[in-house]
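Architecture and fold: a report
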Amino acid sequence: MRLPRPHTPRLAAGLLLIAALAPLATQAQWSPTRPVRFIVPFPPGGAVDVIGRIVAARLPERLGQPVVVDNRGGANAIIGSDLAAKAPPDGHTIVIEPAGHPITPSVMKKLPYDVINDFTAIGLIGNGAYVLIVHPGVPAKTVSEFVALAKARPGQLNYAYTGYGNATHLSGELFKVLTGIDMVGIVYKGGGPALTDVMGGQIPAFFAGVASGAAQIKAGKVRALGVTTSRRTAALPEVPTIAEAGVPGFEVDGWYGLLAPKNTPSAIIRRFNSELSAVVVIDEVKERLLAAGVDARVSTPDEFQARIVKDVARWADVVKKAKITAE
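In this report, the structure presented in the accompanying data block is examined.

Definitions and limits used
- Residues numbered from 1 in each chain as written.
- Predicted model: local features only at pLDDT ≥ 70, side-chain atom pairs only at ≥ 80, totals over all residues.
- Heavy atoms only, no water.
- Helix = DSSP H or I, 4+ residues; strand = E, 2+ residues; numbered from the N terminus.
- Expected span 1.5 Å × (residues − 1).
- Buried < 20%, exposed > 50% of the residue type's maximum accessible area, 1.4 Å probe, protein only.
- Arc of directions from axis to C-beta.
- Pairing = 2+ DSSP bridges.
- Core = buried A, V, L, I, M, F, W, Y, C linked by side-chain atoms within 4.5 Å.
- Contact = heavy atoms within 4.5 Å.

**Remarks on helix α12 (residues 301–322)**
Its 22 residues give α12 an end-to-end C-alpha distance of 31 Å, which sits within 8% of 32 Å, the value for a rise of 1.5 Å per residue. When α12 is considered as a whole, its buried residues turn out to be Pro 301, Phe 304, Arg 307, Ile 308, Asp 311, Val 312, Trp 315, Val 318 and Val 319. Angularly, the buried residues of α12 cover 145° about the axis, an arc narrow enough to put them on a single face. Along α12, the residues that are exposed and aim more than 90 degrees away from the buried face are Asp 302, Lys 310, Lys 320 and Lys 321.

Below, the structure is given as structure tokens:
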């Protein structure tokens, strides 16, 4: 009796295919082998720290390793960001960055890292809105009325901001560029003092974080004219966007997202993006983020990277038009 001949060519092709797919299978199963360092480039207690900790608290159960929050504040987030940029690209160091990250190259003369090329995007956590608020005594109940008032009083209406070159500062400068008004920015040490002075009538306007401003808006201590984001925020659904209220093209998304050092392997980035995307849609996480003024938002690494590249160019143009000098 003759035995059937083995299909040697087919068997060989199958073995070659298995060999080719083996590295991909290994990559797809990447997991951290020790605690993950989660760098927050700001001091404890601020918005970035709060949002980072909301996400970090949920990652250990998904990654199988502890996630250690490491606050490295200072120099407008440069110290912590530089530490993250120079960390080994092995998946054991990630960093949370806010929307000020792509602004920094335009307002700082020298950076120890490249905002675009020294990081690998993981994904968005969500978008946080700022809201243009005014003292109730300001005779403007809409964005259009505020613009008209500012044009009638050039140089007489000031706005508060909480850090040179940050989103509260450039929100005001973008507003000026798009409306052609003459409004002077006054720097404050933080959002609390700025909000207090708006409520007290010492300064008429402020692009406040929604999380800090919402309670005062609802209490009638300040008046909300518009939110800075491209669409209304769930935290203040009754407040229109500044764009829909009369300033086409105005958009400042106070986003938050995760980055890894450059050259981090794609398998590691995919794993982190998958787990981050799963975390931010958990009801409890969404509620906590919303309480902090952030609308949870999922993105791919490529989408987040494209947003950073776009924002670097956009803010460079705003800084140039506003004639802001780099520090």
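Anyway, onward from the coordinates.
**Observations regarding the pairing of strand β10 (residues 254–261)**
In terms of burial, β10 is largely enclosed, as 8 of its 8 residues are buried. For strand β3 (residues 93–98) and β10, the ladder comprises 4 bridges, and the chain directions are antiparallel. What sits directly across from Ile 96, in β10, is Leu 258. Bridge analysis of strand β4 (residues 119–128) against β10 gives 8 bridges, and the strand direction is antiparallel. Within the sheet, the bridge partner assigned to Gly 126 lies in β10 and is Tyr 256.

**Focus: the nonpolar core**
With 50 residues, the main nonpolar core has Leu 132, Val 143, Phe 146, Phe 175, Ile 242 and Phe 250 as its most contacted residues. At 6 residues, the largest contribution of residues to this core is made by α12. When near neighbours in sequence (up to four residues on either side) are disregarded, Ile 242 contacts Leu 132, Val 143, Phe 175, Phe 207, Gly 226, Val 227, Thr 228, Val 247 and Phe 250. In this structure, Val 48, Ile 125, Ile 269 and Leu 289 belong to the second largest nonpolar core, which totals 28 residues.

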